[in-house]
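Next come the chains, spelled out residue by residue.
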Amino acid sequence: MAGDNKCVTEEHVHDHATEQRAHKLSMQCWKSALRARSGDDWREAVDLGRQAIELVPQAPEARFNLAVALSGLANADADPAVRTEAAATFDAARELVAPEALIRYSGEAASLLETRLPQLAAEPVVQYALGVHLAALGRTVRARRTLTAASDDPTVGERARAALAEVPEPVIARSAGVGRNDPCPCGSGKKYKKCHGAVA
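> Just to check I follow, could you spell out the packing of helix α7 (residues 140-151) against helix α8 (residues 157-166) for this structure?
If you want to describe how two helices pack, look at the angle between their axes and the distance between the axes. It is the contact of α7 with α8, at a shortest axis distance of 7 Å, that shows an interaxial angle of 150 degrees. In terms of axis orientation, α7 runs roughly antiparallel to α8. Note that α7 runs across α8; the crossing there is left-handed. On α8, the residues that touch Arg144, Leu147, Thr148, Ala150 and Ser151 of α7 are Gly157, Ala160, Arg161, Ala163 and Leu164. In terms of residue class, the contact of α7 with α8 is built from five nonpolar, three polar and two charged.

> Which parts of the structure should I look at to understand the nonpolar core?
Across soluble globular proteins, nonpolar side chains show a tendency to be buried alongside one another. Of all hydrophobic cores here, the largest spans 48 residues; its most connected members are Phe64, Val68, Phe90, Leu113, Val125, Tyr128 and Leu147. For this core, the secondary-structure elements that each account for two or more residues are α1 (16-35), α2 (39-55), α3 (60-77), α4 (80-95), α5 (102-115), α6 (124-136), α7 and α8. Among the elements that take part in this core, α3 stands out by supplying nine residues, more than any other. If we ignore the near neighbours within four places in the chain, the residues touching Leu113 are Phe64, Val68, Phe90, Val126, Ala129, Leu130 and His133.

> How should I be thinking about the side chain of Thr146 in this particular structure?
Structurally, Thr146 can be placed in helix α7. Those residues in contact with Thr146 that lie beyond four places of it in its chain are Gln127, Leu130, Gly131 and Leu134.

> Just checking my understanding: could you explain the packing of aromatic side chains for this structure?
By convention here, two paired aromatic rings are described through the distance between centres and the angle between planes. Scanning all chains against the criterion turns up three aromatic pairs. Ring centres 6.4 Å apart and planes at 35 degrees place the aromatic pair Trp30 and Phe64 in the tilted group. Here Trp30 is found in helix α1, whereas its partner Phe64 is found in helix α3, with 34 residues between them in sequence. By the burial criterion, Trp30 is buried, and Phe64 matches it. Here a set of aromatic residues connected by ring pairs shows up, and it is made of Trp30, Phe64, Phe90 and Tyr105.

Cut-off values and rules
- The numbers attached to residues start from 1 for each chain and follow its sequence in the written order.
- Reporting in this predicted model follows two pLDDT cut-offs: at least 70 for local features of residues, and 80 or more for side-chain atom pairs to be given and counted; totals over whole chains, interfaces and linings ignore these cut-offs and use all residues.
- Side-chain numbers come from the whole structure's heavy atoms, not from hydrogens or water.
- Axis geometry follows a simple rule: fit a line to the C-alpha atoms, using only the stretch in contact for helices, then measure angles between N-to-C directions, giving values from 0 to 180 degrees.
- Counting from the N terminus, the helices are the DSSP runs of H or I reaching at least four residues and the strands are the DSSP runs of E reaching at least two.
- What sets the label is the angle itself: under 35 degrees gives roughly parallel, over 145 gives roughly antiparallel, 65 to 115 gives roughly perpendicular, and the rest give oblique.
- Crossings are sorted by hand: turned counterclockwise from the far helix by less than a right angle, the near helix makes the crossing left-handed, and turned clockwise it makes it right-handed.
- Contacts between residues were defined by any pair of non-hydrogen atoms, one from each residue, lying within 4.5 Å.
- Each residue gets one label: Ala, Val, Leu, Ile, Met, Phe, Trp, Tyr, Cys and Pro are nonpolar, Asp, Glu, Lys and Arg are charged, and the others, such as Gly, are polar.
- Nonpolar cores were defined as sets of buried Ala, Val, Leu, Ile, Met, Phe, Trp, Tyr and Cys residues, with membership established by side-chain atoms within 4.5 Å.
- Burial status follows relative accessibility: with a 1.4 Å probe on protein chains alone, a residue under 20% of its type maximum counts as buried, one over 50% as exposed, and anything between as partly exposed.
- Two aromatic rings, drawn from Phe, Tyr or Trp (for Trp, its six-membered ring), form a pair once their centres lie within 6.5 Å of each other, and the interplanar angle then sorts them: stacked below 30 degrees, edge-to-face above 60, tilted otherwise.

Printed below as a string of structure tokens:
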């Protein structure tokens, strides 16, 4: 019927009004996360994200936004159970993305995590998620650095170590212009002799 906001195909019934409501709740979750300063603020963002997913469970955007809110709540409350849920939610969002869209999704996700959420840069679950997205983009040095940082956390460390094992070691050849005390060309910030020069 024309007036009920539904498209009927052989495969499914698509309810545009529900999808729009879920998108609105998801964006409210994201905006609440950007403004959040306290545990109560993060809990409000989590509630909005959960409502969005309840309406449209297969939406990667809503799951990503909920994962960000859960990460903020985990950071505010130092709650391992919330941290575990945040990591699982980041993974679930990524799994919902079509393979042909994964690079674009990882690029957008990495950009949002790095530029819009500086207050969560040290949160282990954000480091884990960022590392996974950077690895998908082929940014192996930064991916290894963030995953290594997350691997020390007792809650998400196992996930981070598993992801780190999938990221290849960067191959850095010593050029004539790199001295032992110069910064390593891999970008780690360490001296060459303490980084890739140590294995040469």
